[in-house]
Amino acid sequence: MTSELTAGHPRTELSHVLVLAGGLSPERVVSLRSGDRITGALRETGVDATAADADAALLPLLTTDPPSAVFPAIHGNSGEDGAIREVLGLLGVPYVGSTADACRLAFDKPVAKALVAAAGLTTPASVTLRRETFHDLGAAAVLDRIVARLGLPLFVKPARGGSALGAAPVHTPADLPAAMIGCFAYGDTALVERFISGTEIAVGVIDLGDGPQPLPAVEIVPTSGWFDYTARYTAGRTAYYTPARLPVEVARAAAAAAVTAHTALGLRDLSRSDLIVGLSGQVFFLEANVAPGMTDTSTLPMALEAAGHDFGGLCRDLLIQAADRGA
Amino acid sequence: MSDPRQRLDPYVDQYSARAAGMLASPIRALFSVASRPEIVSLAGGMPYVTALPLDAVGELAGQLITDRGAVTLQYGSGQGDPGLREGICEVMALEGIHANPDEVVVTVGSQQALDLLTRIFIDPGDVILAEAPSYVGALTIFASYQADVVHVPMDDDGLVPEALEETITRLAAAGKRVKFLYSVPTFHNPGAVTLTSDRRARVLDICQRAGLLLIEDNPYGLLGFDGEPHRAMRADSADGVVYLGSFSKTIAPGLRVGWALAPHAIRDKLVLAAESAVLCHSSLSQLVVREYLATQPWQQQIKLYCELYAERRDAMLGALEASMPEGCRWTRPGGGFYVWLKLPSGLDAGSMLPRAITDRVAYVPGTGFYADGSGAEYMRLSYCYPEPDRIREGVRRLAGTIQAEQELLAAFGTLPADGTA
């Protein structure tokens with residue numbers, strides 16, 4: 001399928017582009033895989049693409065040989081919290097994806113939940129607590145209140161971060177302290193949500209200049225029952241259904257929810273929203289991703305393929321759009 | 001799409017049972033961050049190869065190709081270059097071993113020797129005895145051949161002979177087939193202890209009486225910081241021991257040259273197994289090592305390595321003493337690359353690793369060194385690669401990580417009564 005951008009809009013000639021991958025977060029290896037895939041796909045479309053890490057060599061590289069545009073594929077801190085994009089903005093280098101301001105909002109899951117809730121979406125009931133709170137007030141009493149307020153089961157995850165690192169379902173009160181400790185290994189703020197049983201889906205959103213368009217929902221069915229790091233990045237450990245096996249009206253609601261989240265968070269170019277369709281068919285927003293995984297086992301490339309997009313062509317078009325837009 | 005279901009791996013149901021554990025893991029993901037220069041890595045056991053006379057090695061390698069390319073770039077024998085095997089015997093003589101080059105099989109690092117030995121000895125379910133803890137690379141091989149690893153305790157003097165004897169007796173009574181004892185008796189990885197002379201004799205005696213083969217893995221034997229090298233166990237038992245050696249630590253791991261010294265019947269099978277695995281080993285690497293041994297002051301180079309590693313060991317021990325929270329205990333190695341640290345009660349080194357990476361320091365959690373999943377309260381710290389100042393900074397960061405973890409566990413009430421926060 002030819003994307004809308006290639007169908008007649010003016011386009012900038014790309015001289016060379018940079019794919020940013022790596023970083024120092026625990027998702028580094030995932031990011032390197034995403035970066036490799038994007039770089040390879042771009043080269044197949046004839047784009048002069050190079051992968052680069054976010055390290056001390058990056059700024060000299062960007063200033064001595066500025067690329068037409070940058071494709072950020074760094075996951076986790078610095079890649080998704082807006083830091084790298086802020087620096088790209090300072091240097092006047094165009095980049096694909098959301099602005100630093102929007103990333104800061106979207107990367108912070110409790111903040112993103114509040115914003116999308118204000119826009120009319122439903123998110124699981126939750127509490128957000130920093131580790132100091134447990135030191136200061138006594139963990140046992142706080143944990144008791146969490147269970148009393150939200151009930152069981154629960155889902156604990158770091159307020160910032162991805163790939164399910166530090167995340168865990170909690171089925172009994174006795175499991176909660178260990179889940180909190182595991183969560184705090186990856187960050188100082190924990191988001192504790194009421195666990196929603198249902199169908200786990202990921203819905204990508206692409207905007208090639210004509211407004212945000214939802215991609216087909218990808219349904220996620222991990223063989224182990226829960227979509228942890230191993231299930232995400234070991235091929236064969238999870239079955240994916242694209243499009244998701246949802247009634248038409250529910251699929252429409254999920255698509256609309258992803259677009260609403262994209263818009264409410266002020267996101268740009270591409271995003272992925274992780275949603276749960278509850279047993280009653282209600283769509284719950286869990287989190288949004290501003291640098292969605294692009295690995296061989298990531299859901300956004302599956303959705304793109306299902307929608308008829310050529311992966312490399314789409315990456316190229318997003319870079320052209322970024323170059324057109326400028327810094 | 002005609003079929004909306006994707007499993008992403010059409011062969012997912014066809015892998016062998018030994019591939020069951022080959023999964024993406026968060027711990028492995030963290031190690032990809034540990035290799036970044038911003039992180040002080042006390043994790044990997046990388047020799048400090050920049051201390052080598054690189055110009056001389058480069059010239060030597062270049063000449064081998066220029067002058068003798070028809071040999072160095074050609075296939076070689078499955079047993080390894082005869083001249084190199086003579087050189088290997090000279091190296092082993094430093095540890096009291098008097099061997100014939102014909103008993104030596106050159107391998108791709110001693111890791112391959114261990115793989116080949118496991119291949120020729122182990123059927124699924126067979127028992128291998130190994131120290132607790134044991135070298136993670138060995139445990140990985142043993143798991144891939146579906147061996148049942150039974151650990152035998154160590155203390156500050158190395159493997160405990162009484163425990164070995166009791167374990168052998170217990171397993172025999174249970175009808176288990178114990179195939180060999182795998183041991184790193186000198187500057188143990190990760191335990192950092194050395195089997196005493198007295199215990200070496202006792203362990204050999206126990207093995208001999210039980211008809212149990214001993215695999216003596218000795219990559220660090222020449223990297224002692226005090227006095228003469230320890231006498232290898234193979235020096236006192238030619239028939240009961242397969243000795244594994246390596247140039248990875250005494251020259252460079254990138255050459256991938258190691259060896260096995262084995263009784264002739266085992267040697268013959270090792271050669272056939274090696275030929276099956278790789279036809280032959282790199283002729284170029286073998287001849288680089290052979291020429292290095294013949295033309296370079298290699299014993300002086302090992303001495304230089306020892307001095308360098310001793311300085312780093314001292315930097316680590318000093319930093320640990322200065323900054324580790326109460327309740328931590330660690331070994332004081334007389335050689336090799338590692339310190340084995342026990343955390344205060346209740347702490348889990350694996351769970352704590354993400355926080356350590358955030359604090360920009362890395363180590364290897366203890367559970368990888370146990371086949372039974374124990375060892376959570378241990379970590380291996382390596383001092384071989386970072387400069388002394390980096391080691392001190394890394395230990396300082398690690399102390400902060402441990403302290404923060406203690407405070408967290410104390411807040412959640414998961415520290416045992418004797419845990420210190």
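Anyway, here's the lowdown on the structure attached to this text. (Residues numbered from 1 in each chain as written. Chains lettered and ligands numbered in written order. Predicted model: local features only at pLDDT ≥ 70, side-chain atom pairs only at ≥ 80, totals over all residues.)

## Remarks on the overall build of chain B
Broken down by element type, chain B carries 12 helices and 15 strands. A compact globule built from 421 residues would reach a C-alpha radius of gyration of about 22 Å, and chain B, at 22 Å, matches this within 12%. In chain B, buried positions account for 47% of the 421 residues. Pairs at least 24 residues apart make up 75% of the contacts formed inside chain B by residues separated by at least 6 positions. (Helix = DSSP H or I, 4+ residues; strand = E, 2+ residues; numbered from the N terminus. Rg over C-alpha atoms; globule rule 2.2 N^0.38 Å. Buried ≥ 20, exposed ≤ 12 C-beta atoms within 10 Å, placed from the backbone. Contact = placed C-beta atoms within 7 Å.)

## A word on the interface of chain A and chain B
Each partner contributes residues to the interface: chain A has 33 residues there, and chain B has 30 residues. At the level of elements, helix H1 (28–44), helix H6 (131–137), helix H7 (139–150), helix H8 (176–184), helix H9 (229–233), strand E11 (238–241) and helix H11 (299–306) of chain A are the ones that each hand at least two residues to the side of chain A that touches chain B. Residue contributions to the side of chain A that touches chain B peak at five residues, all from H8 of chain A. Across the side of chain A that touches chain B, the residue classes tally to 22 nonpolar, eight polar and three charged. As defined by bridge partners, E11 of chain A adjoins strand E1 (residues 5–6) of chain B across two bridges and the pair is classed as antiparallel. (Nonpolar A, V, L, I, M, F, W, Y, C, P; charged D, E, K, R; others polar. Pairing = 2+ DSSP bridges.)

## Structural notes on the environment of Val242 of chain B
All names here are of chain B. Mapped onto the secondary structure, Val242 falls in strand E9 (residues 241–246). Assessed through the 24 C-beta atoms surrounding it within 10 Å, Val242 is described here as buried. For Val242 and Leu117, which are 125 residues apart along the polypeptide, the C-alpha to C-alpha distance reads 9.1 Å. Dropping the residues within four chain positions of it, Val242 is found in contact with Leu117, Leu213, Ile215, Ala260, Ala262 and Ile266.

## Some points on the nonpolar core
Ranked by internal contacts, the top residues of the largest apolar core, which has 219 residues, are Val17, Ala254 and Leu319 of chain A. For Leu319 of chain A, the residues in contact, after removing those within four places along its chain, are Leu14, Val17, Ser68, Ala69, Phe71 and Val96 of chain A. (Core = buried A, V, L, I, M, F, W, Y, C linked by C-beta atoms within 7 Å.)

## Details of the packing of helix H1 (residues 26–34) of chain B against helix H11 (residues 349–358) of chain B
All names here are of chain B. H11 packs onto H1 with a crossing angle of 30° between their chain directions and a minimal axis gap of 10 Å. Accordingly, the angle class assigned to the pair H1 and H11 is roughly parallel. Of the two elements, H1 crosses H11, and the hand of that crossing is left-handed. Two secondary-structure elements touch here, H1 through Ile27, Leu30, Val33 and Ala34 and H11 through Gly350, Leu353, Pro354 and Ile357. When its residues are assigned to classes, the contact of H1 with H11 shows seven nonpolar, one polar and no charged. (Axes fitted to C-alpha atoms, helices over the stretch in contact; angles between N-to-C directions. Parallel < 35°, antiparallel > 145°, perpendicular 65-115°, else oblique. Left-handed = near helix turned anticlockwise from the far one by under 90°.)

## Quick word on the environment of Tyr378 of chain B
As for its position among the elements, Tyr378 of chain B is in strand E15 (residues 378–382). Excluding its chain neighbours within four sequence positions, the residues that come into contact with Tyr378 of chain B are Pro133, Trp340, Leu341, Lys342, Ala349 and Gly366 of chain B.

## A closer look at unusual backbone geometry
Looking along the chain, the bond that leaves Leu152 of chain A and enters Pro153 of chain A is cis, with omega of -5°. Mapped onto the elements, Pro153 of chain A comes out in the loop between H7 and strand E5 (154–158). The step from Asn189 of chain B to Pro190 of chain B runs through a cis peptide bond, and the omega angle for that step is 10°. Tracing the chain through its elements places Pro190 of chain B in the loop between strand E7 (178–183) and helix H7 (197–210). For Gln146 of chain B, which is not glycine, the phi dihedral falls at a positive 60°. On the basis of neighbour counts, which here come to 15 C-beta atoms within 10 Å, the residue Gln146 of chain B falls in the partly exposed class. At Ala192 of chain B, a residue that is not glycine, the phi angle is positive and equals roughly 65°. With respect to the helices and strands, Ala192 of chain B occurs in the loop between E7 and H7.

## Comments concerning the pairing of strand E10 (residues 218–222) of chain A
Residue and element names in this part refer to chain A. The sheet contact formed by strand E8 (residues 198–206) and E10 spans three bridges and is antiparallel. Residue pairing in the sheet places Ala202 in a bridge with Val218 of E10. As paired elements, E10 and E11 share four bridges and run antiparallel to each other. Note on E11: the bridge partner recorded for Pro222 is Thr238.

## A word on the sheet that holds E15 of chain B
Residue and element names in this part refer to chain B. One open sheet holds the four strands; their spatial order is E11-E12-E15-E14, and the pairing between them is antiparallel. Of all the strands in the sheet, just strand E11 (329–330) and strand E14 (364–365) have a single pairing partner and so form its edges. Bridge count for E14 against E15 is two bridges, and the pairing is antiparallel. Opposite Pro365, over in E15, you have Met379 as the bridge partner.

## A word on the packing of H11 of chain B against helix H12 (residues 388–411) of chain B
Packed helices, taken two at a time, are described by their axes: the angle between them and the distance between them. Residues and elements named next belong to chain B. In the contact formed by H11 and H12, the axes pass within 10 Å of each other and the chain directions differ by 130°. With respect to H12, the element H11 is oriented oblique. Relative to H12, the crossing made by H11 is right-handed. On H12, the residues that touch Met352, Arg355 and Ala356 of H11 are Leu398, Thr401, Ala404 and Glu405.

## Re the sheet that holds strand E4 (residues 126–130) of chain A
All names here are of chain A. Taken together, four strands build an open sheet; the order of strands is E4-E7-E5-E6 and the sheet is antiparallel. Strands with a single pairing partner mark the edges of an open sheet, and in this sheet they are E4 and strand E6 (168–170). Each strand of the sheet is rotated relative to its neighbour by a mean of 25°, with strand direction disregarded. Where E5 and strand E7 (residues 189–194) come together, five bridges link them in antiparallel fashion. Bridge pairing in E7 links Phe155 to Glu193. Packed onto the sheet, H8 meets E5, E6 and E7 and runs at close to 20° relative to E5.

## Concerning helix H8 (residues 264–278) of chain B
All names here are of chain B. For H8, with 15 residues, the first-to-last C-alpha span of 21 Å sits near the 21 Å given by 1.5 Å per residue. Along H8, the positions that sit buried rather than exposed are Ile266, Leu270, Ala273 and Ala274. Down the axis, H8 shows its buried residues gathered within 105° of arc, on one side only. Turned more than 90 degrees from where H8 packs its buried face, His264, Ala265 and Ser276 sit exposed. Check the buried side of H8 and you find it contacts strand E3 (104–107), helix H4 (109–121), E9 and strand E10 (258–261). (Expected span 1.5 Å × (residues − 1). Arc of directions from axis to C-beta.)

## What about H11 of chain A?
A turn of α-helix holds 3.6 residues, and therefore any two residues three or four places apart point the same way. Residue and element names in this part refer to chain A. Of all eight residues in H11, seven are buried, a share of seventy percent or more. Within H11, the full set of buried residues consists of Thr299, Leu300, Pro301, Met302, Ala303, Leu304 and Ala306. Residue Gly308 follows H11 closely and has a positive phi angle near 90°.

Purely geometric stuff here, so don't read any function into it on its own.
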